[in-house]
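# Residue-level structural notes
In case you want the letters, here they are:
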Amino acid sequence: MKLSKPLIIGIAGGSGSGKTSVTNSIYEVFKEHSVVVIEQDFYYKDQSHLDFEERLLTNYDHPLAFDNKLLISHLRKLLVRQSVEKPIYDYTLHTRSEKSVLIEPKDVIILEGILVLEDEALRNLMDIKLFVDTDADLRIIRRILRDINERGRSIESVVEQYLSVVRPMHNQFIEPTKRYADIIIPEGGHNEVAIDLMVTKIKTILENGTELYYDDDINQ
Ligand code: C5P
């Protein structure tokens, strides 16, 4: 049997590429309607059993750093209109917070994160796949400012992490997922044409909701 289902939009791209700006622009248009944002970052594996020093050794840009099993199970619940307790992640402590946030099911689910297009099972849940493509110099500048202002980092630690981990992992795992994208958005957050096109597409789907189906195998 086929059932109507919520729309899932995956938004991938390197750290500092502007994924959050694209996400926010789409969210703003549909927030009165029915939209929810799920950040893959909030599904980093729980590391509360590790000492702080040990957590610093984790490679946060590798696919294995994420608890995609939990993420997929939450998406599947939202797909069948059940609510979930979304984890909250603490970048200063490098682990999941003890708190979570209740997420109600919505018609549009935006899943954003550096590696959301890397996992085949995640990709298979998506109706629309976007890749935000921004030059490396802009990405590192944004990251330096953000990590110092919002994530409690020093300039030395950001540069060291970028050169040793973020940059090589980007080239190895993130950049190749461009091939899975339906749309590649250059200069993400500032690309109004691309965002308008996406908004129009989403509106069309919402108005003709029967366009979306899923097999109930997805529940198994
Ligand atoms: O928001 P953004 O897409 O930049 O978040 C992903 C980045 O967060 C990754 O590139 C990873 O290096 C960084 N990160 C971190 N420390 C953590 C978890 C993630 O620096 N504890």
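For every chain, the first residue of the written sequence is number 1, and numbering continues from 1 onward in sequence order. Under the rules for a predicted model, residues below a pLDDT of 70 receive no local features and side-chain atom pairs below 80 are neither given nor counted, while totals for whole chains, interfaces and linings still include all residues. Hydrogen atoms and water are omitted, and side-chain values are computed over all heavy atoms in the structure.

Rule in force here: UniProt positions are given in the numbering used here, feature names are shortened, and annotations may be inferred rather than shown by experiment.
Named according to an unreviewed UniProt entry, the protein is Uridine kinase originating from Sporosarcina siberiensis. Quoted straight from UniProt, the Sequence similarities (unreviewed entry) entry for the protein says "Belongs to the uridine kinase family." Looking at the protein in UniProt, the text filed under Subcellular location (unreviewed entry) is "Cytoplasm".

### Some points on helix H5 (residues 136-150)
For the record, the criterion: Put simply, DSSP marks the helices as runs of H or I at least four residues long and the strands as runs of E at least two long, and each gets a number from the N terminus on. By this rule, a helix spans an expected 1.5 Å times one less than how many residues it contains. Each residue is assigned to one of three classes by its accessible area relative to the maximum for its type, calculated with a 1.4 Å probe on protein chains only: buried under 20%, partly exposed between the two thresholds, exposed over 50%. Arc definition: directions from the helix axis to the C-beta atoms. The criterion used for residue contact is that any of the two residues' heavy atoms lie within 4.5 Å.
Its 15 residues give H5 an end-to-end C-alpha distance of 20 Å, which sits within 8% of 21 Å, the value for a rise of 1.5 Å per residue. Of the positions making up H5, those classed as buried are Arg139, Ile140, Arg143, Ile144 and Asp147. Summarising the axial view, the buried residues of H5 lie within an arc of 135°, below the 170-degree limit, and thus occupy one face. Those residues of H5 that are exposed and angled more than 90 degrees off the buried face are Leu145, Asn149 and Glu150. Residues of H5 that are buried in the fold lie against helix H6 (155-174). Downstream of H5 by one or two residues, Gly152 has phi in the positive range, about 65°.

### Points about the side chain of Arg55
Our working definition: Residues scored as charged are limited to Lys and Arg (positive) and Asp and Glu (negative), so that His and the chain ends carry no count. By salt bridge we mean one thing: a side-chain nitrogen of Lys or Arg within 4 Å of a carboxyl oxygen of Asp or Glu.
Along the chain, Arg55 falls in helix H2 (residues 52-55). Of the side chains with opposite charge, Asp51 comes closest to the buried, unpaired Arg55, at an N-O distance of 6.7 Å. Every residue in contact with Arg55, bar those within four places of it in the chain, is listed here: Gln47, Ser48, Leu50, Tyr60, Leu93, His94 and Thr95.

### So, the layout of surface pockets
Short version of the rule: Residues are called lining when one of their atoms sits within 4 Å of a cavity or pocket point, these points coming from a 1 Å grid over the protein atoms alone, where a cavity is a set in which a 1.4 Å probe fits but cannot get out and a pocket is an open set with protein on both sides within 12 Å along at least five of seven lines. Grid points are joined across faces, edges and corners, and a volume is the space filled by probe spheres set on the points. Think of it as three bins: nonpolar holds Ala, Val, Leu, Ile, Met, Phe, Trp, Tyr, Cys and Pro, charged holds Asp, Glu, Lys and Arg, and polar takes everything else, Gly as well.
Volume-wise, the largest pocket comes out at about 760 Å³. Around the largest pocket, the lining comprises 33 residues; the ones closest to its centre are Gly16, Thr20, Asp41, Arg146 and Arg151. Going through the elements one at a time, helix H1 (19-30), strand S3 (35-39) and H5 are the ones with two or more residues in the lining of the largest pocket. Reported here for the second largest pocket is a volume of approximately 250 Å³. Taken together, 13 residues make up the lining of the second largest pocket; nearest its centre are Leu56, Arg153, Ser157, Glu160 and Gln161. By residue class, the composition of the lining of the second largest pocket is four nonpolar, six polar and three charged.

### Looking at the UniProt feature "binding site: ATP" (unreviewed entry) in the protein
We apply this condition: By the criterion applied in these results, polar contacts are pairs of N or O atoms within 3.5 Å in which, for protein atoms, one can donate a hydrogen and the other can accept it, and in which residues neighboring in sequence qualify only through two side-chain atoms.
What UniProt calls "binding site: ATP" (unreviewed entry) maps, in this numbering, to Gly13, Gly14, Ser15, Gly16, Ser17, Gly18, Lys19 and Thr20. If you take the residues mentioned a moment ago, the ones lining the largest pocket come down to Ser15, Gly16, Ser17, Gly18, Lys19 and Thr20. Structurally, Lys19 can be placed in helix H1. Relative accessible area serves as the criterion here: at 8%, Lys19 is assigned to the buried category. Excluding its chain neighbours within four sequence positions, the residues that come into contact with Lys19 are Ile11, Ala12, Gly13, Gly14, Glu112, Gly113, Ile114 and Val132. A polar contact of 3.2 Å, which involves the side chain of Lys19, links it to the backbone oxygen of Gly13. Residue classification places Thr20 among the partly exposed residues on the basis of a relative accessible area of 43%.

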